[in-house]
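So the chains spell out like this:
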Amino acid sequence: MSLVDFFTPIDPTKITPKDGYYTSQLGVKVVQYADTFPDVDEMKADIALIGVLEDRQSVDNDGCALGPDYIRERLYRLNAGPYTLKIADLGNIRQGASVTDTYFALKTVVSELIKKDIVPVIIGGGQDLTYAQYMAYESLEQKVDVAIIDALFDLDDDLGDLDVPTTSRSYLNRIFLHEPNYLFNYSNLGYQTYFVSQDSLRVMDKLYFDVHRLGEVSGQISVAEPIIRNASMISFDIGAIRSSDAPANTNATPNGFYGEEACQLCRYAGFSDKLSSIGFYEFNPAYDNNGQTAILLSQMIWYFIDGFYNRKKDLPLQPRSQYLIYKTSLTHDDHELVFVKSKKSDRWWMQVPYPTGGSKNERFHLVPCRYEDYNTAVSGEMPDLWWRTYQKLI
């Protein structure tokens, strides 16, 4: 089955300004599926935009399936940065006869694009589509690190129940319980404690997952950079942004990330060499205010693209001459912690050794960290990130 079989073309008359685009704008530079489906192999595409017309499992947010073209309308009016763009807009994945059919289509498309070393950018639809985005990695036969930017955990408290329906509020159940298990780490950025049960927090702690309250990140957004750098895929719920900046969601709340913080998170995502897919979900144009949320989303995608074309390609650590190695010893232990710093980007990683017999091919697992983690180790204390990562390797 060809990729084109899953898509419907874009109608340019609905998104193009009356006077057309300037030659500097993305509307001219992005290859769009209007008449002919883009040949991503021939054009050697770096990024592929994918709209998804699906909202049947979006809780209390009917209408978010209509979002993709509203985002395109604003995105294509933005000017390109100082780099050569190789971006294809593949159009919209049509709604299947059942939600499962839509999941299969998105899973297949994302998987095929990743195999071609093309980064899918998913726009529109409910956040339950994160499950299909995750399932795309199944055929890649590698561990996956998932980062979700959301005001709450989309997790049903009855975690062991396989019969919980996959919705925008419970898709994590399916991800956590999927067999075979190829989820290595789950991270949440921006959860708000009053939306989260203590049982859910205990589950996250028991599984050594990384969850970060809004107050830990907002106002000091650089804290999120290594968390995003560690992710293979990202799912961004527009409801994680404060309603004054992004009103186009029936579940929007007064608190959340500021618009500029959301853009910075997206630039971090684009900048990450490891990230291979990103999805923007739950945007409902029926509740937008003068296109404000669509404009913000278009700018977030622009920042992701800008970050992508400024990647430093400093992962894996080759050549060794481009990195500085720092070794520290703990106060109450003879164990040595090893840190790595890139000369290209000044970014930091920790080497976490595999337990005996943990990996046949590698001696250690490399996890992104901050300079502050190095300072913690220098002071003789074990960084919490090192300990949690080691527990997952056991």
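Here goes a summary of the coordinates provided. (Residues numbered from 1 in each chain as written. Predicted model: local features only at pLDDT ≥ 70, side-chain atom pairs only at ≥ 80, totals over all residues. Heavy atoms only, no water.)

### Section: the pattern of salt bridges
Item 1. All chains considered together, the criterion is met by 18 salt bridges.
Item 2. Close ionic contact of glutamate 54 with arginine 56 constitutes a salt bridge, the shortest N to O distance being 2.7 Å.
Item 3. The class for arginine 56 is partly exposed, based on a relative accessible area of 33%.
Item 4. Note that arginine 388 and aspartate 384 form a salt bridge whose closest N and O atoms lie 2.7 Å from each other. Of this pair, arginine 388 and aspartate 384 both sit in helix 13 (residues 384-393), four residues apart, which is roughly one turn of the helix.
Item 5. One connected set of salt bridges, linked through shared partners, spans Glu225, Arg229, Asp273, Asp314 and Arg347. (Salt bridge = Lys/Arg side-chain N within 4 Å of Asp/Glu carboxyl O. Buried < 20%, exposed > 50% of the residue type's maximum accessible area, 1.4 Å probe, protein only. Helix = DSSP H or I, 4+ residues; strand = E, 2+ residues; numbered from the N terminus.)

### Remarks on the environment of histidine 335
Item 1. Secondary-structure assignment places histidine 335 in the loop between strand 11 (323-329) and strand 12 (336-342).
Item 2. Note on histidine 335: relative accessible area 27%, which makes it partly exposed.
Item 3. Here the alpha-carbon distance between histidine 335 and tyrosine 371, two residues 36 residues apart in the chain, equals 20 Å.
Item 4. Not counting residues within four places of it along the chain, the set of residues in contact with histidine 335 comprises Thr328, Ser329, Leu330, Pro353 and Trp386. (Contact = heavy atoms within 4.5 Å.)

### Comments concerning the nonpolar core
Item 1. Of all hydrophobic cores here, the largest spans 54 residues; its most connected members are Phe236, Phe280 and Met300.
Item 2. Element by element, the count of residues in this core is highest for helix 11 (residues 292-308), at eight residues.
Item 3. Those residues in contact with phenylalanine 280 that lie beyond four places of it in its chain are Val121, Ile122, Ile123, Gly124, Phe236, Cys266, Leu297, Met300 and Ile301.
Item 4. By size, the runner-up hydrophobic cluster in this structure holds 50 residues, among which are Ile114, Tyr186, Leu201 and Tyr281. (Core = buried A, V, L, I, M, F, W, Y, C linked by side-chain atoms within 4.5 Å.)

### What to know about empty space enclosed by the protein
Item 1. Going through the model one piece at a time under the given rule, you end up with two cavities of 30 Å³ or more.
Item 2. In this structure, the largest cavity encloses a volume near 40 Å³.
Item 3. Lining the largest cavity are Phe184, Asn185, Asp210, Asn230, His365, Val367, Leu385, Thr389 and Lys392.
Item 4. Breaking the lining of the largest cavity down by element, the ones donating at least two residues are strand 7 (183-191), strand 14 (364-369) and helix 13. (1 Å grid on protein atoms, 1.4 Å probe; cavity = no way out; pocket = protein on both sides within 12 Å on 5 of 7 lines; lining within 4 Å. Points joined across faces, edges and corners; volume = space filled by probe spheres on them.)

### So, the side chain of threonine 293
Item 1. Within the secondary structure layout, threonine 293 lies in helix 11.
Item 2. Separated by 2.8 Å, the side chains of threonine 293 and aspartate 288 make a polar contact.
Item 3. Leaving out residues up to four positions away in the same chain, threonine 293 has contacts with Ile238, Ala246, Pro247, Ala248, Phe283 and Asp288. (Polar contact = N/O pair within 3.5 Å; in protein donor to acceptor, adjacent residues only side chain to side chain.)

### Some thoughts on the pairing of strand 6 (residues 144-149)
Item 1. Of all six residues that make up strand 6, six are buried, and the element is covered over most of its length.
Item 2. Alternating positions in strand 6 separate into two faces, Val144, Val146 and Ile148 on one and Asp145, Ala147 and Ile149 on the other, with burial throughout.
Item 3. Across four bridges, the pairing between strand 6 and strand 9 (residues 233-237) is parallel. Looking across to strand 9, one finds that isoleucine 149 is bridged to phenylalanine 236. (Pairing = 2+ DSSP bridges.)

### Considering the packing of aromatic side chains
Item 1. A complete count under the given rule lists 21 aromatic pairs for this structure.
Item 2. For the pair tyrosine 33 and phenylalanine 37, a centre-to-centre distance of 5.1 Å together with 85° between the ring planes defines the contact as edge-to-face.
Item 3. Of the residues examined, tyrosine 33 reaches a relative accessible area of 10% and is grouped as buried.
Item 4. Pairing tyrosine 194 with phenylalanine 195 gives two aromatic rings, centres 4.9 Å apart and planes at 85°, and the pair type is edge-to-face.
Item 5. Residue phenylalanine 195 is classed as partly exposed on the basis of its relative accessible area of 37%.
Item 6. Joined through ring pairs, the aromatic side chains of Tyr326, Phe339, Trp348, Tyr371 and Tyr374 make up one cluster.
Item 7. For arginine 242, the ring lying beneath its charged end belongs to tyrosine 258, and the centroid distance is 4.2 Å.
Item 8. Geometry around phenylalanine 271 places arginine 267 over its ring, the cationic atom sitting 6.0 Å from the centre. (Phe/Tyr/Trp six-rings, centres within 6.5 Å; stacked < 30°, edge-to-face > 60°. Lys NZ or Arg CZ within 6 Å of the ring centre and 35° of its normal.)

### Section: the packing of helix 10 (residues 259-271) against helix 11
Item 1. Between helix 10 and helix 11, whose axes approach to 6 Å, the crossing angle comes to 30°. With respect to helix 11, the element helix 10 is oriented roughly parallel. Regarding helix 10 and helix 11, the two cross each other, and that crossing is right-handed. In this structure, helix 10 uses Gly259, Ala262, Cys263, Cys266, Arg267, Ala269, Gly270 and Phe271 to contact helix 11, whose residues at the interface are Leu296, Gln299, Met300, Tyr303, Phe304, Asp306, Gly307 and Phe308. (Axes fitted to C-alpha atoms, helices over the stretch in contact; angles between N-to-C directions. Parallel < 35°, antiparallel > 145°, perpendicular 65-115°, else oblique. Left-handed = near helix turned anticlockwise from the far one by under 90°.)

### Description of helix 4 (residues 99-115)
Item 1. Along its 17 residues, helix 4 runs 24 Å from first to last C-alpha, staying within 8% of the 24 Å computed at 1.5 Å per residue.
Item 2. Taken together, the buried positions of helix 4 are Val99, Thr102, Tyr103, Ala105, Leu106, Val109, Val110, Ser111, Leu113 and Ile114.
Item 3. Each element contacted by the buried residues of helix 4 is listed here: strand 1 (7-8), strand 3 (47-52), strand 4 (87-93), strand 5 (119-123), helix 5 (129-135) and strand 10 (277-281). (Expected span 1.5 Å × (residues − 1).)

### Some points on the side chain of asparagine 185
Item 1. Mapped onto the elements of the fold, asparagine 185 is located in strand 7.
Item 2. In this structure asparagine 185 comes out as buried when scored by relative accessible area, which is 2%.
Item 3. Those residues in contact with asparagine 185 that sit more than four places away from it in its chain are Val144, Asp145, Val146, Tyr208, Phe209, Asp210, Asn230 and Lys392.

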